[in-house]
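Structural description and commentary
Take a look at the letters that make up each chain.
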Amino acid sequence: MSKEVDYKLLPVLAAKSEAEWTRFFKKNKKKLEGMDLQVHSFHDAITERTDCLACANCCRTLGPHITDKDVERMAKALRVKSSDLIAKYLRIDEDGDLVFQSMPCPFLGTDNYCAIYESRPKACREYPHTDRKRFYQIYNLSIKNAYTCPIVFEVLQQVTGNSDQLTGNSKK
Ligand code: SF4
Ligand code: SF4
């Protein structure tokens, strides 16, 4: 089962909830440190019913940080030299990190599939990070991510006990 999501509502709902999420963090820092298992179970359930192929917001808007290992892996998959891959697709950003030259990502298809899915950067694999250890350390980053990622939005809603949902369930 996947979820039909009205993604246009996401920034509006995130803006509406941000103050409450921030308040929760200030009041519950200690509690959050012990909530990883619960957060991960929210993440698993929400990811299971979210259709990333109907969204692709992260591939459209967030520029992943690309490591040297990512470059090697992507170049191998595309059968080009690392230097050619860098010249064609990558740039150094203002923080000195290697990122795609522009977003949407050049490997995002019109069908929202990733053309290098098996060889995609580590940051793409790990996004939206709501299943990582010590979630409290990225709680504030997650508030920013909730404006674009429906999974993060819903995880924060559940962590903070807020019942506003993005969607109703539907079969696809
Ligand atoms: S923004 Fe979140 S829900 Fe959308 S494709 Fe990326 S990970 Fe999936
Ligand atoms: S490499 Fe693939 S997963 Fe990563 S941003 Fe591009 S399309 Fe998305």
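All values reported here derive from a predicted model rather than from experimental measurement.

1. A few points about the site of ligand 2
- In the region of ligand 2, the neighbouring residues are Cys-59, Pro-64, Cys-105, Phe-107, Leu-108, Cys-114, Ile-116, Arg-120, Pro-121 and Cys-124.
- For the shell around ligand 2, the per-class residue count stands at nine nonpolar, no polar and one charged.

2. Quick notes on unusual backbone geometry
- Of the consecutive residues Met-103 and Pro-104, the connecting peptide bond is found in the cis state with omega at 0°.
- At Arg-79, a residue that is not glycine, the phi angle is positive and equals roughly 55°.
- Among the structural elements, Arg-79 can be located in the loop between α5 (68-78) and α6 (82-89).
- One non-glycine residue, Arg-134, adopts positive backbone phi at about 55°.

3. Quick notes on the site of ligand 1
- Residues in contact with ligand 1, as listed here, are Thr-50, Cys-52, Cys-55, Ala-56, Asn-57, Cys-58, Tyr-127, Pro-128, Thr-148, Cys-149, Pro-150 and Ile-151.
- When contributions to the shell around ligand 1 are tallied by element, the ones reaching two or more residues are α4 (57-61) and α9 (150-159).
- Here the residues of the shell around ligand 1 sort into nine nonpolar, three polar and no charged.

4. Here we look at the environment of Ala-54
- Note on placement: Ala-54 falls in the loop between α3 (36-48) and α4.
- For Ala-54, a count of 14 C-beta atoms within 10 Å translates into the label partly exposed.
- Between the alpha carbons of Ala-54 and Lys-88 there is a distance of 28 Å; along the sequence they are 34 residues apart.

5. Structural notes on the domain arrangement of the chain
- Each domain of the chain was delimited in the assignment, giving domain 1 (2-58 + 128-170) and domain 2 (63-126).
- Using only C-alpha atoms to locate each centre, domain 1 and domain 2 end up separated by 26 Å.

Each value, and the rule that gives it
Along each chain, residue indices are assigned from 1 in the same order as the chain's sequence is written. Here chains are named by letter from A upward and ligands by number from 1 upward, in the order in which they appear as written. Local features are withheld for residues below a pLDDT of 70 in this predicted model, meaning they are given only at 70 or higher, and side-chain atom pairs are given and counted only at 80 or more; totals for whole chains, interfaces and linings count all residues. Nearness between a residue and a molecule or strand is assessed with a C-beta atom placed from the backbone; a distance within 6 Å qualifies. The classification used treats Ala, Val, Leu, Ile, Met, Phe, Trp, Tyr, Cys and Pro as nonpolar, Asp, Glu, Lys and Arg as charged, and all other residues, Gly among them, as polar. Strands here mean DSSP runs of E at least two residues long; helices mean DSSP runs of H or I at least four residues long; both are numbered from the N terminus. Residues are called buried when their C-beta atom has 20 or more other C-beta atoms within 10 Å, exposed when it has 12 or fewer, and partly exposed otherwise; all C-beta atoms are positioned from the backbone. Note that domain bounds follow an automatic or database assignment of domains.

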